[in-house]
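This is what each chain is made of:
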Amino acid sequence: MKTYAGIPEENALLENSKVVLVTVPYDGTSTWGKGADKGPELFLDASENMELYDIETGTEPYLEGVYLAGEVSENSTPEAMTEAVYQKTKELLVTDKLFTLFGGEHSVSIGSIRAVGEKFENLTVLQLDAHTDLRPEFHGSTSNHACAVFEANQKHNLVQVGIRSMDVEEVEYLPEGRVFFAHEIANNDNWVNDVLEKVSGNVYITIDLDAFDPSIAPSTGTPEPGGLQWYPTLELLRKVFEKCNVVAFDIVELMDSAYSKPSAFLAAKLYYKMLAYYHINKD
């Protein structure tokens, strides 16, 4: 039995787990760097080579259980993939466990946010990303990676952090007062608290790894200079878990490359850190 991070089987059974993890190895609409379909495999491999004691919180999050709920492999069309992720998410939300997803390109989040939004009222979607991803459609599809949060912005309270790349057509769709551009963050020592003021209630966190500066996460589809750093990002996430009811999260856009290991390990540590923050605020 393959388990998340190689944890003991008793910590990986559905009935013993407080967390479910779905992988979506999809890379059907990315337009520059290809290889995000290998992201889940790289993430799981890195996780198996990670120490399972979290120094900051003094906890071992895996003891709360993580159930590998399989992968969504539908890739015939972007729309079919979105529907498959939506159905898989709905199926797992019935278990009342923390829903987590690892992609794949960012389009995989459309279906999971849709399902989570149907279950939880007053949802805030907190997006950490280099790109706005607010196009209504791109290359003939509403399920393109460039449209990853367009629907979320129409239906929910979208808060965007780390943005430093967008198309002019997206300007009209920016969530007013809830976009924290990277160049503004760089000159604002209080940016974490400013973001927290906009985030409340039930929260879905979606993290595109290109939100991070490419100096620490180079292996992603479209690395943009001027990104987020590790510890300030963890501070934000820790405070969000303290303040809000995080009901689901995903991490996407880990790309296979000759230099993928540092990025894969960052992704593995990021996921595990988020589990630690979740559990210490639930216990």
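Relevant structure appears above.
Residues numbered from 1 in each chain as written. Predicted model: local features only at pLDDT ≥ 70, side-chain atom pairs only at ≥ 80, totals over all residues. Heavy atoms only, no water.

(A) Structural detail: the packing of helix α7 (residues 230–243) against helix α8 (residues 260–280). Where α7 contacts α8, the axes come no closer than 9 Å and their chain directions differ by 30°. Here α7 lies roughly parallel to α8, going by the angle between them. Of the two possible hands of crossing, α7 and α8 adopt the one that is right-handed. For the pair formed by α7 and α8, the contact residues are Trp230, Leu234, Leu237, Arg238 and Phe241 on the first element and Leu266, Lys269, Leu270, Lys273, Met274, Tyr277 and Tyr278 on the second. For the contact of α7 with α8, a count of residues per class yields nine nonpolar, no polar and three charged. (Axes fitted to C-alpha atoms, helices over the stretch in contact; angles between N-to-C directions. Helix = DSSP H or I, 4+ residues; strand = E, 2+ residues; numbered from the N terminus. Parallel < 35°, antiparallel > 145°, perpendicular 65-115°, else oblique. Left-handed = near helix turned anticlockwise from the far one by under 90°. Contact = heavy atoms within 4.5 Å. Nonpolar A, V, L, I, M, F, W, Y, C, P; charged D, E, K, R; others polar.)

(B) Geometry of the layout of surface pockets. Looking at the second largest pocket, its volume works out to about 160 Å³. Residue lining of the second largest pocket: Tyr53, Asp54, Ile55, Glu56, Trp230, Tyr231, Leu234, Glu235, Arg238, Lys269, Lys273 and Tyr277, and that is the complete set. Secondary structure elements with two or more residues in the lining of the second largest pocket: α7 and α8. Of the residues forming the lining of the second largest pocket, the biggest block, five residues, is contributed by α7. For the lining of the second largest pocket, the class distribution of residues is six nonpolar, no polar and six charged. (1 Å grid on protein atoms, 1.4 Å probe; cavity = no way out; pocket = protein on both sides within 12 Å on 5 of 7 lines; lining within 4 Å. Points joined across faces, edges and corners; volume = space filled by probe spheres on them.)

(C) Examining the environment of phenylalanine 241 more closely. Relative to the helices and strands, phenylalanine 241 resides in helix α7. Counting along the chain gives 16 residues from phenylalanine 241 to proline 225, while the straight-line C-alpha distance between them is 28 Å. Those residues in contact with phenylalanine 241, other than ones at most four positions away along the chain, are Ile205, Val246, Phe249, Met274, Tyr277, Tyr278 and Asn281.

(D) Spatial organisation of unusual backbone geometry. Cis geometry marks the peptide bond from glycine 103 to glycine 104, where omega comes out at 25°. With respect to the helices and strands, glycine 104 occurs in the loop between β3 (98–103) and α3 (109–119). At aspartate 96, a position not held by glycine, the phi torsion is positive, near 60°. For aspartate 96, the location among the structural elements is in the loop between α2 (78–93) and β3. For aspartate 96, a relative accessible area of 62% puts it in the exposed group. Of note, asparagine 122 is a non-glycine position whose phi angle comes to about 50°, a positive value. Along the chain, asparagine 122 falls in the loop between α3 and β4 (123–128). (Buried < 20%, exposed > 50% of the residue type's maximum accessible area, 1.4 Å probe, protein only.)

(E) Representation of the packing of aromatic side chains within the structure. Going through the model one piece at a time under the given rule, you end up with nine aromatic pairs. Connected via pairs of aromatic rings, a cluster forms that spans Tyr4, Phe43, Phe102, Phe249 and Tyr271. When the ring centre of phenylalanine 138 is taken as reference, the NZ or CZ atom of arginine 135 above it lies at 4.5 Å. (Phe/Tyr/Trp six-rings, centres within 6.5 Å; stacked < 30°, edge-to-face > 60°. Lys NZ or Arg CZ within 6 Å of the ring centre and 35° of its normal.)

(F) Quick peek at the side chain of threonine 100. Position of threonine 100 among the secondary structure elements: in strand β3. With relative accessibility at 0%, the residue threonine 100 sits in the buried group. A distance of 2.7 Å separates the side chain of threonine 100 from the backbone oxygen of valine 20, its partner in a polar contact. Residues in contact with threonine 100, not counting those within four places in the same chain, are Val19, Val20, Leu21, Val22, Phe249 and Tyr271. (Polar contact = N/O pair within 3.5 Å; in protein donor to acceptor, adjacent residues only side chain to side chain.)

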